[in-house]
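# Structural characterization, general
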Amino acid sequence: MGPPSAQAAGTLVTPLQVSELLDRWPAAAECPFPVLLDSGGNGRWSLLASDPITVLVSHGRDLSLWREGREQRSQGDPFEALTELLAERPLPELPGLPFPGGAIGAFGYDLGQHLERLPRRAQDDLNFPDLVVGIYDRFEIQDRREGRSWSVILPGSPGPRALSPAQYAQHF
C-alpha cells in the first residue's frame, strides 16, 4: 500500500483522483521534456513527469547543462557530469513509492565510447544526443495494483525550471 497524504522531510505527497496517468499526458506534453513511464499490462507502477529543473545533454564530450533558462556548455565525460549533477540534490526517502524524484532520461548506444574504446563504424548523420537526462522535482505516480495515484513535490519546488516551453521548442 502506498503512502497517505503526507509531508516527509519537506516533500509533499498528495493523493490524486485519476484512473490513468495516460489521461493526464496532454497537459504534461505541453511542457518541456515530458516523460511517461507506463507499466502497461500487469505492471504495477506508472510515472508521469515534465518540466525538469535541470537538463543534461551530451554529444560525445560536448555537454550542455540547462538551468533557469540558461545553457552552460562544457567538455567532459557525461557519466561524471551526471554523477556530479545527482550529488547536488539529495533525494528524500519516500516509503511505499518506487521513485523519490531525480533523474529520468535516455542513454544512447554511443555512450559506450566513454566506457571502453570501440571502433567507430557508423556515421552520425542524425545528430541525436548520446544522453539526455532531466532532473525532476515533481511528478505523478500511480500504483496500478492498488488503484491509487499521488502527486509528489520535492522540497524547493516549484523553483526555476531548466528551460521555458519556447526555449524547448527552439532547441529541441
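This write-up is about the structure you can find in this document. As the structure is a computational prediction, the values presented were derived from the model and not from experiment. (Residues numbered from 1 in each chain as written. Predicted model: local features only at pLDDT ≥ 70, side-chain atom pairs only at ≥ 80, totals over all residues. Heavy atoms only, no water.)

## Description of the overall build of the chain
To be explicit about the condition: Secondary structure is summarised from DSSP: a helix means a run of H or I of at least four residues, a strand means a run of E of at least two, and numbering begins at the N terminus for each. Only protein chains enter the area calculation, which uses a 1.4 Å probe; residues under 20% of their type maximum are buried, those over 50% are exposed, and those in between are partly exposed. The criterion used for residue contact is that any of the two residues' heavy atoms lie within 4.5 Å. Residues counted as positive are Lys and Arg, residues counted as negative are Asp and Glu, and His and the chain ends are not counted. By convention, the point assigned to a charge is CZ for Arg, NZ for Lys, CD for Glu and CG for Asp.
Helix and strand content of the chain: 3 helices and 11 strands. The secondary structure elements of the chain, listed N-terminal to C-terminal, are β-β-α-β-β-β-β-β-α-β-β-β-β-α. Judged by the C-alpha coordinates and their principal axes, the chain covers about 50 × 35 × 30 Å. Residues counted as buried form 39% of the 172 residues belonging to the chain. Sequence separation of 24 or more characterises 64% of the internal contacts of the chain that already satisfy a separation of 6 or more. Averaging the locations of the 15 positively and 22 negatively charged side chains of the chain gives two centres separated by 2 Å.

## Considerations on the side chain of Glu-140
Relative to the assigned elements, Glu-140 resides in strand S10 (residues 138-143). Look past the residues within four positions of Glu-140 in its chain and what remains in contact with it is Leu-16, Leu-21, Arg-24, Ser-46, Leu-47, Leu-48, Trp-150 and Ser-151.

## Some points on the nonpolar core
To keep it simple, the criterion reads: Side-chain atoms within 4.5 Å are what join buried Ala, Val, Leu, Ile, Met, Phe, Trp, Tyr and Cys residues into a set we call a nonpolar core.
Within the largest apolar cluster, 21 residues are counted, with the highest numbers of intra-cluster contacts made by Leu-47, Val-55, Leu-97, Ile-104, Phe-139, Ile-141 and Val-152. Among the elements of the structure, strand S4 (45-49), strand S5 (54-59), strand S9 (131-136), S10 and strand S11 (148-153) are those that each provide at least two residues to this core. If we skip the residues at most four places from it in the chain, Ile-141 touches Leu-21, Trp-45, Ser-46, Leu-47, Leu-97, Pro-98, Phe-99, Arg-148, Ser-149, Trp-150 and Val-152. The next biggest cluster of nonpolar side chains, apart from the first, holds 11 residues, and it includes Ile-53, Leu-56, Leu-63 and Leu-65.

## Observations concerning the side chain of Ser-151
The residue Ser-151 is located in strand S11 in this model. In this structure Ser-151 comes out as buried when scored by relative accessible area, which is 17%. Beyond its immediate stretch of four places on either side in the chain, Ser-151 contacts Leu-12, Val-13, Thr-14, Leu-16, Phe-139 and Glu-140.

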